[in-house]
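Structural overview
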Amino acid sequence: MRSDANIAGPMTDPVPGPRTESVGDGVSRETPPPMDDTPIGRAAQLAVEALGRAGEGLPRPDRTRVMVVANQKGGVGKTTTTVNLAASLALHGARVLVVDLDPQGNASTALGIDHHSDVPSIYDVLVESRPLSEVVQPVPDVEGLFCAPATIDLAGAEIELVSLVARESRLQRAIQAYEQPLDYILIDCPPSLGLLTVNAMVAGAEVLIPIQCEYYALEGLGQLLRNVDLVRGHLNPDLHVSTILLTMYDGRTRLASQVAEEVRTHFGKEVLRTSIPRSVRISEAPSYGQTVLTYDPGSSGSLSYLEAAREIALRGVGVHYEAQHAHAIQNSQQNVSEGIQ
Ligand SMILES: Nc1ncnc2c1ncn2[C@@H]1O[C@H](COP(=O)(O)OP(=O)(O)OP(=O)(O)O)[C@@H](O)[C@H]1O
Ligand SMILES: [Mg+2]
């Protein structure tokens, strides 16, 4: 984990050319080739540059920010948010690891990472104490993005962990022992509050809750927040809800804006000003093993995740966020509401 002093300045790599990793990482000796070596990588990079979002001096966090993407409600956009935010942060120049902690393995699929049952996975890390470095894979097409995949084995881990020593802190230990420099670790949790989610909450300081802009959006959140309090009280004093992200926002419906207003009243400053529109492109991307950032770099979904990532990066260092490119986002959200996307 990175814990060096704040490296001010852009998230871009100060050292040109491929980065050499330390020996014994089990991943690869070099980071993948620059993403503009591939057509989709080039397209994404162009979109980022066209919007002026790359190289605009986004600050890097002074230590690795471990963000737990959790909501025990199913289908609210946890996985979609994890992979697209991670790709956005990487496109902004950060080094990012996605930990897939859901036996469904949806984050691994969306990142184009092989996760059949023989692949070394996060199960081996949690249950067999295998080093994280032995399971992490670079994500194709996005430089600086890595994934610790989940296989179906993980479905049994919830039970197997019960009898293991330090069952709640096995992920935390694995992350602490991971020596690669990282700016962010995003953990995609399953839709439950069992031991897997508890492991994530012990490993991270920040909880990111995606909330779907639909009826009953806030239902069940009380239980999630109580769990956060319990883990903070007993296992991880640093844990707090740092970020709420409104997902699948549909500007055509009054319901969506009512839900958004209710969430903002309830949570206040934790809610990102950027919300994620409902977008067909976002839902199509995973079936191509891609994030929306490479699948359709200019789409409204891609632009909003880039903007959300920017907001998160700025908040992390206490810099006031000014919505930039609001026009572009507004236009693309309008496209959604007009049914163009
Ligand atoms: N902004 C969006 N626009 C359109 N579809 C979306 C959007 N966000 C997510 N989806 C779709 O909604 C479904 C649920 O999203 P996702 O898998 O990210 O939720 P989840 O919370 O991870 O689900 P689970 O609880 O099963 O892990 C997926 O089919 C996804 O493609
Ligand atoms: Mg999911």
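Here the structure is shown first, and the text comes after it.
Anyway, here's the lowdown on the structure attached to this text. (Residues numbered from 1 in each chain as written. Chains lettered and ligands numbered in written order. Predicted model: local features only at pLDDT ≥ 70, side-chain atom pairs only at ≥ 80, totals over all residues. Heavy atoms only, no water.)

1. Description of the site of ligand 1
- Around ligand 1 sit 18 residues in total, of which K78, T79, T80, P277 and S279 are the nearest.
- Contact between ligand 1 and D102: an oxygen atom at 3.4 Å from a side-chain N or O atom of the residue.
- S279 has a polar backbone atom sitting 2.9 Å from a nitrogen atom of ligand 1.
- Protein chains bury 80% of the 630 Å² of accessible surface belonging to ligand 1 in isolation.
- The dominant element in the shell around ligand 1, judged by the number of residues it contributes, is helix α2 (residues 78–91), at three residues.
- Partitioning the shell around ligand 1 into residue classes produces six nonpolar, eight polar and four charged. (Near = heavy atom within 4 Å. Polar contact = N/O pair within 3.5 Å; in protein donor to acceptor, adjacent residues only side chain to side chain. Areas by Shrake-Rupley, 256 points an atom, 1.4 Å probe, with all protein chains shown as cover. Helix = DSSP H or I, 4+ residues; strand = E, 2+ residues; numbered from the N terminus. Nonpolar A, V, L, I, M, F, W, Y, C, P; charged D, E, K, R; others polar.)

2. A closer look at the side chain of N71
- Mapping N71 onto the fold places it in the loop between β1 (65–69) and α2.
- Leave out the neighbours within four places in its chain, and N71 touches V76, K78, P190, P191, I209, P210, L221 and L224. (Contact = heavy atoms within 4.5 Å.)

3. Quick look at helix α6 (residues 170–177)
- When α6 is considered as a whole, its buried residues turn out to be R170, L171, A174 and I175. The buried residues of α6 occupy one face: seen down the axis, they fall within an arc of 130 degrees. Within α6, the exposed residues directed more than 90 degrees away from the buried face are R173, Q176 and A177.
- Taken together, the buried residues of α6 touch β2 (96–100), α4 (122–128), β5 (184–188) and α7 (195–203). (Buried < 20%, exposed > 50% of the residue type's maximum accessible area, 1.4 Å probe, protein only. Arc of directions from axis to C-beta.)

4. Observations regarding the environment of L235
- Position of L235 among the secondary structure elements: in the loop between α8 (221–234) and β7 (240–247).
- Along the primary structure L235 and E168 are separated by 67 residues, whereas in three dimensions their C-alpha atoms are 8.3 Å apart.
- Beyond its immediate stretch of four places on either side in the chain, L235 contacts E168, V198, V202 and L230.

5. A few points about helix α9 (residues 254–267)
- Compared with the 20 Å implied by 1.5 Å per residue over 14 residues, the 20 Å span of α9 between its first and last C-alpha is a close match.
- Those residues of α9 lying buried are A256, V259, A260, V263 and F267. Buried residues in α9, looked at end-on, bunch into an arc of 100 degrees, giving them a common side. Of the residues in α9, the exposed ones pointing more than 90 degrees away from the buried face are R254, E261 and T265.
- Buried positions along α9 lie against β6 (206–212), α8 and β7.
- Of the residues one or two after α9, G268 is the one with positive phi, at around 70 degrees. (Expected span 1.5 Å × (residues − 1).)

6. Topic: a nonpolar patch on the surface
- Taken together, Y215, Y216 and L255 make up a surface patch of nonpolar side chains, about 360 Å² in accessible area.
- Position of Y215 relative to the elements: it lies in the loop between β6 and α8. (Patch = residues over 30% accessible without salt bridge, like charges linked within 9 Å, V, L, I, M, F, W, Y side chains within 5 Å. Salt bridge = Lys/Arg side-chain N within 4 Å of Asp/Glu carboxyl O.)

7. Overview of the nonpolar core
- By size, the foremost hydrophobic cluster in this structure holds 56 residues, and its most contacted members are V99, L101, I122, L132, L171, I187 and I211.
- Sort the elements by how many residues they give to this core and α7 lands first, with seven residues.
- If we skip the residues at most four places from it in the chain, I211 touches A217, L218, L221, I244, L245, L246, T247, V263 and F267.
- Ranked by size, the runner-up nonpolar core spans 39 residues in total, among them A110, L111, L145 and L306. (Core = buried A, V, L, I, M, F, W, Y, C linked by side-chain atoms within 4.5 Å.)

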